[in-house]
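Working through the structure, step by step
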Amino acid sequence: MKIIKNNKLNFKNLSLKYVSGFLLLILFASCGNMKKSTYFYEAPDSIYNSSINENVEDTLRENDLLSISVSSVNKEAAEMFNTSNQVGANSGMVSGVLSQASGYLIDKRGFIRFPVLGEIEVQGRTKDEVRDYITTALTEQKLLLNPIVDVRILNFRVSVLGEVLRPNVFTVPSEKISILEALSLAGDITIYGNKERVSLIREVGENKVLQHLDLTSSDILSSPYFYLKSNDVIYVEPRPSKAAEASVVRPWIPVALSVVSLAIISIVNFR
């Protein structure tokens, strides 16, 4: 009887060791993948300067769609300058619906056609420069008294694709958006997405720049790519382990649960 009792105790102890071992394996494997699935993993509390290129205004380019509003003390006189060219342009909305927008479309030569002032070359200029030019022209030609001119880009948009929940083209009315905000609009990166390797494609003149970003590092907070520019494309690459459901732990979960269940049944039966 003592031998049988000792065998039961040994089996019980052995079963508990196996159960503990599998649980520890799951725990350590999960910790090992924490860095790959978490933004700013172990980033210290600090102040990060993200304004490196935030206040550097981009120059206008071909196919930009401008909204130019003019106001003055004489509202009737200013009204004629607020009749924009009715040029349609597809704008990808957050809902994914394409809508038509009207404004001043910059043509291939870099010009827009503005009421009374005629053709104005705007390509290569900033919004502030265009605003100042129109304000000065309206004043010098005595068309308006103390005119106030506002220039905005109607088709400021960014594209997010790859391993995100809702890939789409997003229009940004505020003309300012960070890479994290863009990913948020796209429903965030999926469990299959590689936060350590997010590609950003940006048009610079006639060239396209490809930049790889690591969103698990706090360096992105002070990166010149933290704030996006119009027509930026974000591509989230899949993890190499996507075929295994993006984790070394997940394929072992059914096996671990089976072993744990078997061990518990054995312990109960051999009491």
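Everything numeric here is computed off the predicted structure, so don't read it as measured data. (Residues numbered from 1 in each chain as written. Predicted model: local features only at pLDDT ≥ 70, side-chain atom pairs only at ≥ 80, totals over all residues. Heavy atoms only, no water.)

Focus on the overall build of the protein chain
This is how it is decided: Numbering of helices and strands starts at the N terminus; helices are DSSP runs of H or I of at least 4 residues and strands are runs of E of at least 2. Using a 1.4 Å probe, the Shrake-Rupley method yields the accessible areas, and only the shown protein chains count as cover for residues.
Secondary structure assignment for the protein chain yields 6 helices and 12 strands. Here the protein chain has roughly 16500 Å² of accessible surface; of this, 57% comes from carbon and sulfur atoms.

Notes on the nonpolar core
Quick note on the threshold: To define a nonpolar core, start from buried Ala, Val, Leu, Ile, Met, Phe, Trp, Tyr and Cys residues and group those joined through side-chain atoms within 4.5 Å. Categorising residues by exposure relies on relative accessible area from a 1.4 Å probe, with only protein chains included: less than 20% of the type maximum marks a residue as buried, more than 50% marks it as exposed, and the intermediate range marks it as partly exposed. Throughout, a contact is declared for two residues whenever any of their heavy atoms are within 4.5 Å.
Counting residues in each nonpolar core, the largest one holds 44 residues, and the members touching the most others are Ile68, Phe114, Ile134, Ile179 and Leu183. Element by element, the count of residues in this core is highest for helix 4 (residues 127–140), at 4 residues. Non-local contacts of Ile134, meaning those with residues more than four positions away in its chain, are made with Ile68, Phe114, Leu117, Ile120 and Val149.

Here's the deal with the side chain of Asn155
Put simply, the test is: Under the rule applied, a polar contact is a pair of N or O atoms within 3.5 Å (in protein, one hydrogen donor and one hydrogen acceptor; residues adjacent in sequence only if both atoms are side-chain atoms).
One can find Asn155 in the loop between strand 7 (148–153) and strand 8 (157–162). Accessibility expressed as a relative area gives 8% for Asn155, which makes it buried. A distance of 2.9 Å separates the side chain of Asn155 from the backbone oxygen of Asn63, its partner in a polar contact. A polar contact is formed between the side chain of Asn155 and the backbone nitrogen of Leu65, at a distance of 3.0 Å. Discounting chain neighbours no more than four positions away, the residues touching Asn155 are Asn63, Asp64, Leu65 and Ser230.

Some details on the packing of aromatic side chains
Test applied: Geometry of aromatic contacts follows a simple scheme: Phe, Tyr and Trp rings, the Trp one being its six-membered ring, pair when their centres are within 6.5 Å, and the pair is stacked under 30 degrees between planes, edge-to-face over 60, tilted otherwise.
Enumeration according to the criterion identifies 3 aromatic pairs in this entry. With a centroid separation of 6.1 Å and an interplanar angle of 15°, the aromatic rings of Phe81 and Phe114 are classed as stacked. A residue pair is termed long-range when its members are at least 10 positions apart, and Phe81 in the loop between helix 3 (75–79) and strand 2 (89–92) and Phe114 in strand 5 (residues 111–114) qualify at 33 residues. Exposure remark for Phe114: the relative accessible area of 4% places this residue in the buried category. Judged by centre distance (5.5 Å) and plane angle (40°), the ring pair of Tyr104 and Phe114 falls under tilted. Highlighted residues: Tyr104 in strand 4 (residues 104–105) and Phe114 in strand 5, separated in sequence by 10 residues.

Let's talk about the pairing of strand 5
So the rule is basically this: A strand pair is defined by DSSP finding two or more bridges across the two strands.
Strand direction decides the pairing type here: strand 5 and strand 6 (residues 118–121), joined by 4 bridges, are antiparallel. Residue Phe111 lies in a different strand from strand 6, and its bridge partner there is Glu121. Following strand 5, the chain reverses through 3 residues before pairing antiparallel with strand 6; Val116 in that reversal takes a positive phi of roughly 70°.

Quick word on the pattern of salt bridges
Under the convention used in this document: We define a salt bridge as a side-chain nitrogen of Lys or Arg found within 4 Å of a carboxyl oxygen belonging to Asp or Glu.
Enumeration according to the criterion identifies 11 salt bridges in this entry. Measuring nitrogen to oxygen at the nearest pair gives 2.4 Å for the salt bridge that ties Glu175 to Lys127. Residue Glu175 is found in the loop between strand 9 (168–171) and helix 5 (179–185), and its partner Lys127 is found in helix 4; the two are separated by 48 residues along the sequence. For the pair formed by Glu175 and Lys127, the shared burial category is buried. Salt-bridge contacts for Asp128 lead to Arg131; the nearest nitrogen and oxygen are separated by 3.4 Å. Remark: Arg131 and Asp128 occur in helix 4; sequence separation between them is 3 residues, near one turn of the helix. Residue classification places Asp128 among the partly exposed positions, given a relative accessible area of 34%. We classify Arg131 as partly exposed; its relative accessible area is 30%.

Quick notes on the sheet that holds strand 7
Stated precisely, the cut-off is as follows: Axis definition: a line fit to C-alpha positions, over the contact stretch in the case of helices; interaxial angles, taken between N-to-C directions, run 0 to 180 degrees.
Across the sheet, 3 strands lie side by side as 4-1-7; this open sheet has antiparallel pairing. At either end of the open sheet lies a strand with only one pairing partner, and these are strand 4 and strand 7. Here strand 1 (residues 65–71) runs beside strand 4; their pairing, made up of 2 bridges, is antiparallel. Within the sheet, the bridge partner assigned to Leu65 lies in strand 4 and is Leu105. Contacts from helix 4 reach strand 1 and strand 7 within the one sheet, and its direction differs from that of strand 7 by about 150°.

So, the confidence of the model for the protein chain
As a reminder, the rule being used: Every residue gets a pLDDT, meaning the predictor's confidence in that residue, from 0 to 100.
Mean pLDDT over the protein chain works out to 78, with 62% of the residues at or above the 70 mark. Contacts for the low-pLDDT stretch residues 85–98, under 50 throughout, to residues beyond four places or in other chains number 39 contacts.

Some words on unusual backbone geometry
Phi is positive for Glu175, which is not a glycine, with a value near 60°. Given the relative accessible area of 15%, Glu175 is considered buried. The backbone of Asn231 shows a phi angle near 75°, a positive value even though the residue is not glycine.

Things to note about the sheet that holds strand 9
An order of 9-8-12-10-11 is seen for the 5 strands of this open sheet, with the pairing classed as mixed. In this open sheet, the two strands that pair with only one neighbour each are strand 9 and strand 11 (207–213). Between one strand axis and the next, the sheet turns through 20° on average, direction left out of account. Here strand 8 runs beside strand 12 (residues 233–238); their pairing, made up of 4 bridges, is parallel. If you follow Ser159 over to strand 12, its bridge partner there is Val233.

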